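Summary of the model geometry
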Amino acid sequence: MKKVELVFVPSPAVGHLAATVEMAKLIADRDDRLSVTIFIMKLPFESEDSKTTESVASSIRFITLPRIEISSSSSTSPANFFTDVAKAYTPLAREAVHELMTRSGSVRLAGFVIDMFCTSMIDVANEFGVPSYLFFTSSAAFLGFVLHLQSLHEHHNLEITEFKDSDAELEVPSFVNSVPGKVFPSVVFDKEGDEIPILLHHTQRFRETKGIIVNTFVELESHAINSFSGDTSPPIYPIGPILNTEVESSEVQQQAIEIMNWLNDQPPSSVVFLCFGSMGSFNGEQVKEIAHGLEGSGCRFLWSLRQPPPKGKMEYPIEYGNKEEVLPEGFLDRTTKIGKVIGWAPQVAVLAHPAVGGFVSHCGWNSTLESLWYGVPTATWPMYAEQQLNAFQMVKDLELAVEIKIDYDKDKGYIVSSQDIEKGLRQLMDADSEVRKKRQKMQEKSRKAMMDGGSSYSYLGYFIEDMMTNVP
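Residues numbered from 1 in each chain as written. Predicted model: local features only at pLDDT ≥ 70, side-chain atom pairs only at ≥ 80, totals over all residues. Heavy atoms only, no water.

Considering the overall build of the chain
Within the chain, the secondary structure is distributed over 15 helices and 15 strands. Over its C-alpha atoms, taken along the principal directions, the chain stretches across nearly 65 × 55 × 45 Å. Burial analysis of the chain (472 residues in total) assigns 57% to the buried set. Working note: accessible area of the chain is about 19,900 Å², and carbon and sulfur atoms make up 48% of it. (Helix = DSSP H or I, 4+ residues; strand = E, 2+ residues; numbered from the N terminus. Buried < 20%, exposed > 50% of the residue type's maximum accessible area, 1.4 Å probe, protein only. Areas by Shrake-Rupley, 256 points an atom, 1.4 Å probe, with all protein chains shown as cover.)

Right, dumping it as structure tokens:
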């Protein structure tokens, strides 16, 4: 039995890294022939005591590449920033692979599994004569969207900027409904800057890989996945939902105790949970509208409220020193019996709690999959990146979410009114809604997909066998 090694190169974005580690565990657990090395790239604003590299399995090891100083204000968007990070780390990754191959002896290098922002690492794989595979941490529908845009740009000279802030629609094979320009990622409208060339460059390079692993499952995205058949793109392997549903470290548990104790005192399915991802935050005016909407709805709530980083800085939101400063006067006193405002939230543990009956979400793909796994209905409030497309897909194509907004963009200065928020919350918490019933059915399908004989279990097997066939 030949032993082979896969090198994983995830983007250092929190959601990308977490999903990559979980996928590595799936692959290593599935086949004794495989071991995995994960390269960790540190962000300039990330603390040294990150828990990411804690041991997870004997067949998985982490190599933390030496920290490189990169200005967090040098890039205008997350996509550009993480692309710059990957490029800067490419020479260090090359050195690390060389050292790995020298040390490993009889273990053969089978290939690289790279993140969507790390296509510069394809060059390293080529230098070592091994294939590359893409791990796409977003939806199959979004993968189809970027591949379609790249094809239209290359072969039909499509001027994508004409769709900006527009109701004009584009037929995209991976979506059931035509997609309005107002939900396109803002990156595609950057006519003067370098964002659209970078996106198109990455997408072109996706086509150089031997296969694309997608964190989704056939039962959720059957239309999108079927749209790739007969396509010229590499083979697609939907092997999700890939989630970390384990309890966090003891330090995090201590932080979560107060939150979980509060949830324990609430009736089943009565609490709406508001949480907007690792990069999600709002200005003071929007915070007050959310507060008024919550108060007007009368819903029990758990609200993860965090302070925006300095303008122009690519940094994580921080905790408020005093939440009363940004909330309406008297709000905490008036809602003390029905609500709790927190900073950081143990999202998976909260979604798993029986008291939670609704989730106001930024529609990041990991959060979308987590809410489906636990059967919690979602109200959409996208912030950036591809989240508007995720919201559109969930509301319009799949009818698995209710809409607060599907075209919100945190950089446009638009304020969602308390009336719209209150209306969305009432729809979300409707105990008899069709969305709630559909969610419960999809919850069951998401779990079956990962079981022996399920669709994602089978696709993981196909990937492993194809990958072993491609070992040089």
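A word on the sheet that holds strand 3 (residues 60–64)
Sheet architecture is open: 7 strands sit in the order 3-2-1-4-5-8-9, paired in parallel fashion. Only two strands of the sheet have a single partner each, and these edge strands are strand 3 and strand 9 (236–238). Direction aside, the axes of adjacent strands within the sheet are offset by 25° on average. Two elements, strand 8 (residues 212–214) and strand 9, share 3 bridges in a ladder whose sense is parallel. (Pairing = 2+ DSSP bridges. Axes fitted to C-alpha atoms, helices over the stretch in contact; angles between N-to-C directions.)

Examining the nonpolar core
F112, M121, L263, V272, W303, V360 and W381 are the most contacted members of the largest nonpolar core, which totals 132 residues. Here this core takes 10 residues from helix 2 (residues 78–104), the largest share from any one element. V272 has contacts with L294, C299, R300, F301, L302, G358, F359, V360, L425, L428 and M429, leaving out every residue within four places of it along the chain. (Core = buried A, V, L, I, M, F, W, Y, C linked by side-chain atoms within 4.5 Å. Contact = heavy atoms within 4.5 Å.)

Re the environment of E246
Tracing the backbone shows E246 in the loop between strand 9 and helix 7 (250–264). Take E246: its relative accessible area is 54%, and that puts it in the exposed class. Along the sequence, E246 and V348 sit 102 residues apart, while their C-alpha atoms lie 8.5 Å from each other.

Remarks on the pattern of salt bridges
Per the stated rule, a full pass over the model turns up 16 salt bridges. A salt bridge links E319 to R306, with the nearest nitrogen and oxygen atoms 3.3 Å apart. Here E319, found in the loop between strand 11 (300–304) and helix 9 (331–334), pairs with R306, found in the loop between strand 11 and helix 9; they are 13 residues apart in sequence, far enough to count as distant. Overall, the relative accessible area of 18% leaves R306 in the buried class. E444 serves as the salt-bridge partner of K448, at 3.3 Å between the closest nitrogen and oxygen. Here the residue K448 and the residue E444 both occupy positions in helix 14 (residues 434–450), the gap between them amounting to 4 residues, near one helical turn. One continuous salt-bridge network, built from bridges that share partners, spans D31, R33 and E465. (Salt bridge = Lys/Arg side-chain N within 4 Å of Asp/Glu carboxyl O.)

Points about the packing of aromatic side chains
If you walk through the whole model with that rule in mind, you get 20 aromatic pairs. Each ring, one from W303 and one from F331, has its centre 6.3 Å from the other, and the planes form 90°; the classification is edge-to-face. Here F331 lies in helix 9 and W303 lies in strand 11, a separation of 28 residues in the sequence. Members of the aromatic cluster, joined through ring pairs, are F136, F142, F145, F163, F184, F189 and F206. (Phe/Tyr/Trp six-rings, centres within 6.5 Å; stacked < 30°, edge-to-face > 60°.)

Some words on helix 11 (residues 365–373)
By the criterion of burial, helix 11 is predominantly enclosed, with 9 of the 9 residues buried. Looking only at helix 11, the buried set comprises W365, N366, S367, T368, L369, E370, S371, L372 and W373. The inward-facing, buried residues of helix 11 abut helix 1 (14–30), helix 10 (347–352), strand 13 (356–361), strand 14 (378–380), helix 12 (387–397) and helix 14. After helix 11 finishes, the residue G375 shows a positive phi value of roughly 70°.

Here's the deal with the sheet that holds strand 15 (residues 401–403)
In spatial order, the strands read 12-11-10-13-14-15; together these 6 strands make up an open sheet with parallel pairing. Of all the strands in the sheet, just strand 12 (339–342) and strand 15 have a single pairing partner and so form its edges. The average undirected angle you get between the axes of adjacent strands in this sheet is 20°. Bridge count for strand 14 against strand 15 is 3 bridges, and the pairing is parallel. Following the sheet pairing, T380 is matched in strand 15 by E403.

A look at unusual backbone geometry
Backbone phi values are negative for most residues with the exception of glycine, while trans is the configuration of most peptide bonds. Cis geometry marks the peptide bond from G240 to P241, where omega comes out at 5°. Considering the arrangement of structural elements, one finds P241 in the loop between strand 9 and helix 7. In this structure, A385 takes a positive phi of about 55° despite not being glycine. Take A385: its relative accessible area is 36%, and that puts it in the partly exposed class. In this model, E399 sits at a positive phi of 50°, which is unusual for a non-glycine residue. If you trace the backbone, E399 turns up in the loop between helix 12 and strand 15. For E399, a relative accessible area of 42% gives the class partly exposed.

Concerning the side chain of R205
As for its placement among the helices and strands, R205 is situated in helix 5 (residues 195–206). A distance of 3.4 Å separates a polar side-chain atom of R205 from the backbone oxygen of T119. (Polar contact = N/O pair within 3.5 Å; in protein donor to acceptor, adjacent residues only side chain to side chain.)

What to know about the packing of helix 1 against helix 15 (residues 455–469)
One can describe the packing of helix 1 onto helix 15 by two numbers: an axis separation of 11 Å at closest approach and a directional angle of 75°. In terms of axis orientation, helix 1 runs roughly perpendicular to helix 15. Along its contact with helix 1, which presents L26, I27 and R30, the element helix 15 presents Y457, L460, G461, F463 and I464. (Parallel < 35°, antiparallel > 145°, perpendicular 65-115°, else oblique.)

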